[in-house]
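Examining the three-dimensional arrangement
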Amino acid sequence: MGYDVEKTDAEWREQLSPEEYAVLRQAGTERAGVGRLTDTETTGVYRCKACQAKLFESDTKFHSGCGWPSFYQPISDTIEYVEDTSHGMKRVEVRCAGCGSHLGHVFPDGYGTPTGDRYCINSVSMTLEPADGSGPVAG
């Protein structure tokens, strides 16, 4: 698939930290409970760390207790869905539709959300743009 933002592997490695590269470009997963954005309640917009595309609004974020930031709905057309059968599981991977970077997975397990979905997203794959204009917060 062609993306609005396309870079060579070398360009991604130069732009991203080793941890960010492992998650965003190699579909890795950060350890549960370590991300800076997991428990924040700051009002704002969550953006892709790789290309800064808008992904989620803070009013769709909720505390699921899974150890990663959880959302029940992305901003329209910002997410690409890919079947993931790795690790002996059947899951749906979510990627940034702007650059193809791995963000996490979506699970239809409810949690009492309006959509019944839980987008379980790696904190390191996003930045938070606070509504008060105080400057971006990296995950």
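Rules behind the numbers
Residues numbered from 1 in each chain as written. Predicted model: local features only at pLDDT ≥ 70, side-chain atom pairs only at ≥ 80, totals over all residues. Heavy atoms only, no water. UniProt positions renumbered as here; feature names shortened; annotations may be inferred. 1 Å grid on protein atoms, 1.4 Å probe; cavity = no way out; pocket = protein on both sides within 12 Å on 5 of 7 lines; lining within 4 Å. Points joined across faces, edges and corners; volume = space filled by probe spheres on them. Helix = DSSP H or I, 4+ residues; strand = E, 2+ residues; numbered from the N terminus. Nonpolar A, V, L, I, M, F, W, Y, C, P; charged D, E, K, R; others polar. Buried < 20%, exposed > 50% of the residue type's maximum accessible area, 1.4 Å probe, protein only. Polar contact = N/O pair within 3.5 Å; in protein donor to acceptor, adjacent residues only side chain to side chain. Pairing = 2+ DSSP bridges.

Per an unreviewed UniProt entry, the chain goes by peptide-methionine (R)-S-oxide reductase and derives from Nocardioides marinisabuli. What the UniProt record of the chain gives under Catalytic activity (unreviewed entry) is the line "L-methionyl-[protein] + [thioredoxin]-disulfide + H2O = L-methionyl-(R)-S-oxide-[protein] + [thioredoxin]-dithiol". A UniProt comment under Sequence similarities (unreviewed entry) is attached to the chain, and it reads "Belongs to the MsrB Met sulfoxide reductase family."

This paragraph deals with the layout of surface pockets. Taken as a whole, the largest pocket encloses approximately 170 Å³ of empty space. Within the residue set of the lining of the largest pocket, elements represented by two or more residues are β7 (102-107) and β8 (118-121). With four residues, β7 is the largest single contributor of residues to the lining of the largest pocket. Tallied by class, residues from the lining of the largest pocket come to four nonpolar, five polar and two charged.

Turning next to the UniProt feature "domain: MsrB" (unreviewed entry) in the chain. As recorded in UniProt, the sites labelled "domain: MsrB" (unreviewed entry) are residues 9-131. Structurally, residues 9-131 comprises 11% helix and 33% strand, and the distance from its first C-alpha atom to its last is 33 Å.

Time to look at the side chain of Arg91. Along the chain, Arg91 falls in strand β6 (residues 91-96). By relative accessible area, Arg91 is classed as buried at 16%. Looking at Arg91, its side chain comes within polar contact range of the side chain of Ser86, at 3.3 Å.

It is worth spelling out the sheet that holds strand β4 (residues 70-71) at this point. The six strands lie next to each other as β3-β4-β8-β7-β6-β5, forming an open sheet whose pairing is antiparallel. This sheet does not close on itself; its edge strands, each paired only once, are β3 (61-62) and β5 (79-84).

What follows concerns the sheet that holds strand β2 (residues 54-57). Strand order across the open sheet formed by four strands is β2-β1-β9-β10, with antiparallel pairing between neighbours. Edge positions in the open sheet fall to β2 and β10 (137-138), since each of these has one partner strand only. Judged from the five bridges that link them, strand β1 (residues 44-48) and strand β9 (residues 126-130) form a sheet pairing that is antiparallel. Residue pairing for β9: Gly44 is matched across the bridge by Pro130.

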